[in-house]
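# Architecture at a glance
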Amino acid sequence: MNIISSNKLETLVTGLAEIIKNSNRESNPQKGFGNFTQKDLVIVQSASMAKWINLQIAEKNSISAQIEFPLLKAFILNTLTVLGFPSQNDTWNRETLTWRIYKILPELEELEVAAVLKKYCQGEESRRHQLAEQISGLFDEYMIYRPDWLKLWENQQSIPAENIKMQKGLNAHEPWQSELWRRLTVEESPAFHQTLENFIQSAHSIELADNIDAMKLPRTLSIFGISNMPEIFIQFFEKLSALTEKNTTINMYYFSPCREYWDDLETKGEHFRRQEQDGESQFDSRDDENATVSYELLKSWGLLGRDFLNNLIDHSNPGSEDLYEASGRSSLLSQIQDGILDLKDEFDQNVELKEDKSIIVNACHTPLRELEVLHDHIRSLMEVDDSLEPRDFLVLCPDITLYTPYIKSIFENDDFNEQLAAQDENGKFTQKFKIPYSISDRSLCDNSDIVKTFMQILALPKGRLTSNEILNILESPALLAKFSLSLDDLDIIREWVKNSAIRWGKDSDFRKDLLGLDDFKQNSWDFGFERLLTG
């Protein structure tokens, strides 16, 4: 397996496009195009990355066709099945595993080691199902990142003390987790991690070679845009690379901000733990004095990348390719990027920060104001540089659902777009147009008003049935249409609720079950309806 590393995604995708172009020419040198029955495979982490790669390849090669973008785990599962290592994934996926755990939990709660589970569930089915969902997600991660723990539990062994010390709180929960896992593995079908290990440890055979030929892999199998991968997945691709080395080359395109060796950089937590083990003082004032921007950013944001890179180095070919390049600019952002790239501990002090706008921090009092500032900034950049296109901008935010309504109100508001126009030959703006945008990573509830309303209705029994909750549901256009209501009718209903002093709770029994209140129905819906009907 070859590792192609760079600090720029543009450089990596250019290399990928060239590889795909050349592989097609090699298969049909007269026409310059390959056999279109043979598809190229590019393994990605998400559909968004696949779409971006497809657009980039089309731009660089003038065409992008017959390229499949399987997701990482889906490709591994399919490959294992074709090679004769089937995995009952329908038994071990998160959804199915949730219900299997839910079925086992009542028996498990009666054991002394699982007293904490019984205390949490309190005999409530909804709590038990929520707990099963959480445990299912945890075990799914164990199968990928901690298969050694699962193997110890299957053999009636405990996790070594040094590992437990690194995982806070695991010591108290390991007994019931191990017991639950053993009950789950009573099933005859092997778990995903077991199937992976069987393949990795398998010997080369004629049957396996025939199965590999049946896969009809392309000449080059590419892995792109994956920032982290468990070691067992890397071992899988190493094994696959060894089995297919005569016909297929596996290339991993790895984005890394630093071209120097930085495995020895420690976070403060790692530093203090090492000092504690060595018997040294845990606090050293020189730690802060010697801190640098490049080091601190790598240590705080790059831990997963550091560990992933080490695993890649251990399982890659010596001939791997480095395509790192410095920005060559003097801006503050470029200095930080180049400092990380070369692991510098000094920066150019001649840069005047007051004139440098490569990094801007805006303090805004509301999300609405944030979007207004963002819109004006994008507009100003496009006015200065007419080569910029909307697709050149990427905006990240912590919670997209919080910002979605403000994005629509700002970017679709003519008042905010009146100055943004196409330029004529004199450089003046002549036509108005809005900045096109798309919002990704939204849930189904955010994309569909009907689904959102339906989920709000399902959540009502778990809430306090406040007047605001009910009235917000009534605002749904689908619900208004269903009951032939208009917005004017909704205003009348709001007035009724206000004048009837309805605040929360269905009736006195509802409040008693929820909070233990005795015979208290004032300001409930039942109380309000009585006032309405009696005038």
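Here's what I pulled together on the structure shown here.

Calculation rules
- Residues numbered from 1 in each chain as written.
- Predicted model: local features only at pLDDT ≥ 70, side-chain atom pairs only at ≥ 80, totals over all residues.
- Heavy atoms only, no water.
- Salt bridge = Lys/Arg side-chain N within 4 Å of Asp/Glu carboxyl O.
- Helix = DSSP H or I, 4+ residues; strand = E, 2+ residues; numbered from the N terminus.
- Buried < 20%, exposed > 50% of the residue type's maximum accessible area, 1.4 Å probe, protein only.
- 1 Å grid on protein atoms, 1.4 Å probe; cavity = no way out; pocket = protein on both sides within 12 Å on 5 of 7 lines; lining within 4 Å.
- Points joined across faces, edges and corners; volume = space filled by probe spheres on them.
- Pairing = 2+ DSSP bridges.
- Right-handed = clockwise from strand over helix to strand, strands pointing away.
- Core = buried A, V, L, I, M, F, W, Y, C linked by side-chain atoms within 4.5 Å.
- Contact = heavy atoms within 4.5 Å.
- Patch = residues over 30% accessible without salt bridge, like charges linked within 9 Å, V, L, I, M, F, W, Y side chains within 5 Å.
- Areas by Shrake-Rupley, 256 points an atom, 1.4 Å probe, with all protein chains shown as cover.
- Axes fitted to C-alpha atoms, helices over the stretch in contact; angles between N-to-C directions.
- Parallel < 35°, antiparallel > 145°, perpendicular 65-115°, else oblique.
- Left-handed = near helix turned anticlockwise from the far one by under 90°.
- Nonpolar A, V, L, I, M, F, W, Y, C, P; charged D, E, K, R; others polar.
- Lys, Arg positive; Asp, Glu negative; His and termini not counted.
- Polar contact = N/O pair within 3.5 Å; in protein donor to acceptor, adjacent residues only side chain to side chain.
- Expected span 1.5 Å × (residues − 1).
- Arc of directions from axis to C-beta.

## Let's talk about the pattern of salt bridges
- Inspection of the entire model under this criterion finds 19 salt bridges.
- The closest approach of N and O atoms between glutamate 325 and lysine 8, which form a salt bridge, is 3.9 Å. In this pair, glutamate 325 sits in the loop between strand S6 (321–322) and helix H18 (332–342) while lysine 8 sits in the loop between strand S1 (2–6) and helix H1 (9–27), placing the two residues 317 residues apart along the sequence.
- In this structure, the salt-bridge partner of glutamate 125 is arginine 128, at a minimum N-O distance of 2.9 Å. Taken together, the positions of glutamate 125 and arginine 128, both in helix H7 (residues 125–145) and three residues apart, correspond to about one turn of that helix.
- Residues joined in a network through salt bridges with shared partners are Glu107, Glu179, Arg182 and Arg183.

## Side note on helix H3 (residues 72–82)
- Inspection of H3 places Leu72, Phe75, Ile76, Leu77, Thr79 and Leu80 among the buried residues, and these make up the whole buried set.
- Positioned one or two residues after H3, glycine 84 has a phi angle of 90 degrees, which is positive.

## Considering the environment of valine 186
- With respect to the helices, strands and loops of the structure, valine 186 is situated in the loop between helix H10 (170–184) and helix H11 (192–200).
- Remark: the alpha-carbon pair of valine 186 and glutamate 154, spanning 32 residues in sequence, is separated by 9.9 Å.

## Digging into empty space enclosed by the protein
- Within this structure, the stated rule accounts for two cavities of 30 Å³ or more.
- Taken as a whole, the second largest cavity holds about 30 Å³ of empty space.
- Every residue along the wall of the second largest cavity is listed here: Ile19, Ile20, Ser23, Asp40, Leu41, Thr220 and Ser222.
- For the lining of the second largest cavity, the elements supplying multiple residues, two or more each, are H1, strand S2 (40–43) and strand S4 (220–224).
- Counting residues per element, the lining of the second largest cavity draws most heavily on H1, which supplies three residues.

## Side note on the pairing of strand S5 (residues 249–255)
- Most of S5 is tucked away, with five of its seven residues classed as buried.
- Taken together, the five bridges between S1 and S5 define a ladder with parallel strand orientation. Bridge pairing links serine 5 to tyrosine 254 in S5.
- Of the pairings in the sheet, the one linking S4 to S5 comprises five bridges and is parallel in character. Of the residues in S5, the one forming a bridge with leucine 221 is isoleucine 250.
- As for the winding sense of the linkage, the β-α-β connection from S4 through helix H13 (residues 231–243) to S5 is right-handed.

## Observations concerning the nonpolar core
- If you look at the biggest cluster of nonpolar residues, it comprises 42 residues, and the most contacted ones within it are Ile76, Met229, Phe233, Phe236 and Phe237.
- Sorting elements by how many residues they give to this core places H13 first, with seven residues.
- With residues up to four places along the chain from it excluded, the contact list for methionine 229 reads Leu72, Ile223, Ile234, Phe237, Met252 and Phe308.
- Counting residues in each nonpolar core, the second largest holds 24 residues, with Ile101, Phe139, Tyr142 and Trp176 among its members.

## Details of a nonpolar patch on the surface
- Taken together, the side chains of Ile492, Trp496, Phe529, Leu532 and Leu533 present a nonpolar region at the surface, about 540 Å² in accessible area.
- Contributions of two or more residues to the nonpolar patch are made by helix H26 (487–499) and helix H28 (525–533).
- Here the nonpolar patch takes three residues from H28, the largest share from any one element.
- By the secondary structure assignment, phenylalanine 529 is in helix H28.

## Description of the packing of helix H5 (residues 94–109) against H7
- Where H5 contacts H7, the axes come no closer than 8 Å and their chain directions differ by 120 degrees. Relative to H7, the element H5 lies oblique. The hand of the H5/H7 crossing is right-handed.
- A breakdown of the residues in the contact of H5 with H7 according to their chemical character gives 11 nonpolar, four polar and seven charged.

## Section: the side chain of lysine 239
- With respect to the helices, strands and loops of the structure, lysine 239 is situated in helix H13.
- Buried charge lysine 239 goes without a salt bridge, the closest partner of opposite sign being glutamate 238 at 9.4 Å.
- In this structure the side chain of lysine 239 is engaged in a polar contact, spanning 2.5 Å, whose partner is the backbone oxygen of serine 202.

## Quick notes on helix H2 (residues 47–61)
- Between its terminal C-alpha atoms H2 stretches 21 Å, which fits the 21 Å expected from 15 residues at 1.5 Å a residue.
- Along H2, the positions that sit buried rather than exposed are Met49, Ala50, Ile53, Gln56, Ile57 and Asn61. Axial view of H2: buried residues confined to an arc of 130 degrees, hence all on one face. Opposite the buried face of H2, by more than 90 degrees, sit the exposed residues Ala47, Lys51 and Leu55.
- Trailing H2 by a residue or two, serine 62 shows a phi angle of about 70 degrees, which is positive.

## As for the sheet that holds S5
- One open sheet holds the six strands; their spatial order is S3-S2-S4-S5-S1-S6, and the pairing between them is parallel. The outermost strands of the open sheet, each flanked by one partner alone, are strand S3 (67–68) and S6.

Keep in mind these numbers describe shape, not what the thing actually does.
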